[in-house]
Amino acid sequence: MIEPLVRPRRKNPLKRTRLPLRPQGVRSRTAHGLTAAAAEGRFALQVCLDCNTVIYPPRDACPSCLSARLPFRDLARGGTLIAETTVRTTTDPYFRERTPWRVGTVKLDVGPVVVAHLHGDAVEGGRVRLELKLDKSDSAVVMALPEKDTENMADDPHLREMTCDPKFRRVLITDGRTSVGQAMAKAFSDAGASIVFVGLADPWKPFSGMDDLRKIERVEIVPLDVTDSESVTELAEQNGARIDIVVNTAEHIRAGGIVDRHGLTIAREEIDVRYLGLLRLAQAFGPILRFRGADGVNSATAFVNLLSVHALMNWPAYGSYSATEAACLSAAQCMRAELRPGGVKVVNVFFGPLETEWFQTVPPPKVTPAALANAVVRALQHGLEDVFVGDVAEDIRQRLAVNPKALEREMAN
Amino acid sequence: MTVDLMAFARAVANGDIRVIDLTQTLSQEFPTIVLPPELGQCAPFRMEEVSRYDERGPAWYWNNISLGEHTGTHFDAPIHWISGKDLPNNAVDTINVAQFIAPAVVIDCSRECAADPDFALTIPFVEQWEARHGKIEPRSWVLLRTDWSKQTYTDYAALRDDGAHTPGPEPAVVKWFVEQRDVHGFGTETIGTDFGQGQHFNPPYPAHFYMHGKGRFGLQCLTNLHLLPPKGAVIIAAPLKIKQGSGSPLRVLALVAGGDV
């Protein structure tokens, strides 16, 4: 059984902050098939189309029949831990600071034997379930978890290296004025975040939900306007060193296309709130997050982008909005490369139409703010990087994978 | 008559004429008018640093700013309102510049507004003011002192479920100002020249409708009106020369004879 995580003591301000290190992160192009699965929380290995052999580690030719037709397929993740060992010393700087470290060999029910990191409750000879995780270098590794959930399971220090669990961490929700921002504050408070900073622009402008927001445990309202560089910088200067997760809830959702819209005022607002807002947050909070990537139990760990799934394929009814979301997605890809040295994940959460005022005329299925917020928390708890929330988002993901051109045509109708 | 401009300059320099700043600082935090969110919005003041003696510009500090024509303390030109759209010289770049300097009367209703944020200025109220201070001379700015500029931003914007609750003029008194008193324009401390609930008047937003319909001007988000005498101040309010601009943020100065305050 895992010892429950203890709320970290206040940091000694005179102590040096240890710098983040990363495990070896180089993977072959083929091996990134595992990265893609790990990013979404799937368990996938290569399966030979010619002889059905399940292959691990990833290869360019089937070890059984030499076929090159080896697509990744989602597979059952059950197996037996057949042997384990504990690494007590190593020359690798990342693992040196984290020994003892248990690893083992797992015989998968679907065939291959894999070398896996071991959760503390995975027992030699016992049943385990394998998960592909992104480690601190954002590369896929296999972790063996006990077959059934155990008490305090998420508190296992090895597992916590692979996740961004909000428990005992301090989160910044950038905009508390929206129903998504309010649902997010509630979800993070419930998930055990030790402080939930909630940004609020134009405090002189009343909004519904203010009283309920203030009542959420451990919520601290802070002045923040993502359209105002000075405001973003000030908050980062004051509180940046005690913010471990940033969730950007600033939104600007308006219907309207590119040709079929009158003027650029709304487009400028969209870009200012969403794209430039993201850049302001990234420049203000990114460096300190990256610096604090190994700062103890409440190390900096994630920057969460809430993105319309139409960042991936334009929805002409909300065409200008979609284009702005696409710009944010591109920026997020850059941020991933830039924050990776600190072991800080950039989590992109794609959603379809929300059950909120600005999607009033859009028929269901729609994503409720609470569902979106819970998906964000779950993604962090599992260490995911790309998340699709709701039926519309999942549908678009699948159609995009099959035939992007067909999807483009269909979105116009 | 010869005018001794040098005497004027000396009086300003030695304080015989006091210069009072009626302008709010352009800042990111200062409230901007709020319209229903589906309508076009006035941009708030924003500032991006271009360089600050650093690698982006080693020996100099400067900013790029963005804002709307109606952000912060600003001037409204007749072209701003549909009633003034066809008047000649109705935009900030074409208004005769001599009109940017004019005397002002200050009607103090700060006590009434403290008691009632929905205080509406009426003709009888102004007639009582005239009984004390004399008739409003033609081509004078009428400045409404409400002390609204002294409020917190929340009370300043005063937004409730049914919109803003801030003082302003009734339709009849605006029409009377223009037709019976030939005023130069109307200035307020509040976010607009109109009553907070002015959309329910007939016509809606009368300060805009009547003033601009007759080619008169507006000033809003003023401050320091409590430092002005009821009569005798001269206002310098020159908007930026924006091509076909509907208005402009500006520095509003009042000249007051030393003995007047």
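Residues numbered from 1 in each chain as written. Chains lettered and ligands numbered in written order. Predicted model: local features only at pLDDT ≥ 70, side-chain atom pairs only at ≥ 80, totals over all residues.

Examining the overall build of chain A
Looking only at helices and strands, chain A has eleven helices and 15 strands in total. At 22 Å, chain A has a C-alpha radius of gyration in line with the 22 Å of a compact globule built from 413 residues. The principal-axis extent of the C-alpha atoms belonging to chain A is close to 65 × 60 × 30 Å. Looking at the 413 residues of chain A, the share that counts as buried comes to 45%. Restricting to contacts in chain A with at least 6 residues of sequence separation, those with at least 24 account for 68%. (Helix = DSSP H or I, 4+ residues; strand = E, 2+ residues; numbered from the N terminus. Rg over C-alpha atoms; globule rule 2.2 N^0.38 Å. Buried ≥ 20, exposed ≤ 12 C-beta atoms within 10 Å, placed from the backbone. Contact = placed C-beta atoms within 7 Å.)

Observations regarding the overall build of chain B
Secondary structure summary: chain B contains six helices and 15 strands in total. Over its C-alpha atoms chain B spans a radius of gyration of 19 Å, differing by no more than 12% from the 18 Å that the globule rule assigns to 261 residues. The proportion of buried residues among the 261 residues of chain B is 38%. By sequence separation, contacts in chain B at least 24 residues apart represent 72% of the contacts at least 6 residues apart.

Overview of the sheet that holds strand β5 (residues 101–108) of chain B
Residues and elements named next belong to chain B. With mixed pairing, nine strands are arranged side by side in an open sheet as β1-β15-β13-β5-β7-β11-β12-β4-β14. Lying at the two open borders of the sheet, with one neighbouring strand each, are β1 (17–21) and β14 (247–249). Averaged over all pairs of adjacent strands, the angle between strand axes in this sheet comes to 25 degrees, irrespective of strand direction. In the sheet, strand β4 (residues 74–76) pairs with strand β12 (residues 217–220) via three bridges, with the strands oriented antiparallel. Bridge pairing in β12 places histidine 74 opposite glutamine 220. (Pairing = 2+ DSSP bridges. Axes fitted to C-alpha atoms, helices over the stretch in contact; angles between N-to-C directions.)

Quick word on the confidence of the model for chain B
Of the residues in chain B, 98% reach a pLDDT of 70 or more, and the chain-wide mean stands at 97. Model confidence for the complex is summarised by a pTM of 0.96, with the ipTM given as 0.93. (pLDDT = per-residue confidence, 0-100.)

A word on the interface of chain A and chain B
Listed by partner, the interface residues are ten residues for chain A and twelve residues for chain B. Element by element, the count of residues in the side of chain A that touches chain B is highest for helix α6 (residues 229–239) of chain A, at three residues. Tallied by class, the residues present in the side of chain A that touches chain B amount to three nonpolar, four polar and three charged. (Nonpolar A, V, L, I, M, F, W, Y, C, P; charged D, E, K, R; others polar.)

Here's the deal with the pairing of strand β5 (residues 101–108) of chain A
Residues and elements named next belong to chain A. Here strand β4 (residues 78–87) pairs with β5 via eight bridges, running antiparallel. Residue pairing for β5: alanine 83 is matched across the bridge by threonine 105. Where β5 hands over to strand β6 (residues 113–118), the hairpin turn is made up of four residues, of which glycine 111 adopts a positive phi near 135 degrees.

Remarks on unusual backbone geometry
With an omega dihedral of 0 degrees, the bond running from threonine 99 of chain A to proline 100 of chain A counts as a cis peptide bond. If you trace the backbone, proline 100 of chain A turns up in the loop between α2 (93–96) and β5. Following asparagine 202 of chain B, the chain continues into proline 203 of chain B via a peptide bond in cis, with omega recorded as -5 degrees. Mapped onto the secondary structure, proline 203 of chain B falls in the loop between β11 (185–188) and α6 (206–213). At asparagine 152 of chain A, a residue that is not glycine, the phi angle is positive and equals roughly 55 degrees.

Some details on the sheet that holds strand β3 (residues 72–74) of chain A
All names here are of chain A. Strand order in the open sheet formed by three strands is β2-β1-β3, with antiparallel pairing between adjacent strands. The strands lining the two open edges of the sheet, one partner per strand, are β2 (54–55) and β3. Judged from the two bridges that link them, strand β1 (residues 44–47) and β2 form a sheet pairing that is antiparallel. Note that in β2 the partner of valine 47 across the bridge is valine 54.

Quick notes on the nonpolar core
Val349 and Val376 of chain A are the most contacted members of the largest nonpolar core, which totals 100 residues. Sequence-distant contacts of valine 376 of chain A, that is, excluding residues within four places in its chain, are made with Met184, Ala187, Val247, Val304 and Val349 of chain A. One finds Leu22, Val92, Ala164 and Cys221 of chain B within the second-largest nonpolar core, a separate group that totals 52 residues. (Core = buried A, V, L, I, M, F, W, Y, C linked by C-beta atoms within 7 Å.)

Brief notes about the domain arrangement of chain A
Residues and elements named next belong to chain A. Here chain A is described as being made up of domain 1 (32–162) and domain 2 (170–411). Averaged C-alpha coordinates put domain 1 and domain 2 at centres separated by 31 Å. Counting from both sides, the interface comprises nine residues of domain 1 and, opposite them, nine residues of domain 2. If you list the elements that add at least two residues to the side of domain 1 that touches domain 2, you get α1 (32–40) and β7 (127–134). Among the residues making up the side of domain 1 that touches domain 2, the classes are represented as four nonpolar, one polar and four charged. (Domains from an automatic or database assignment.)

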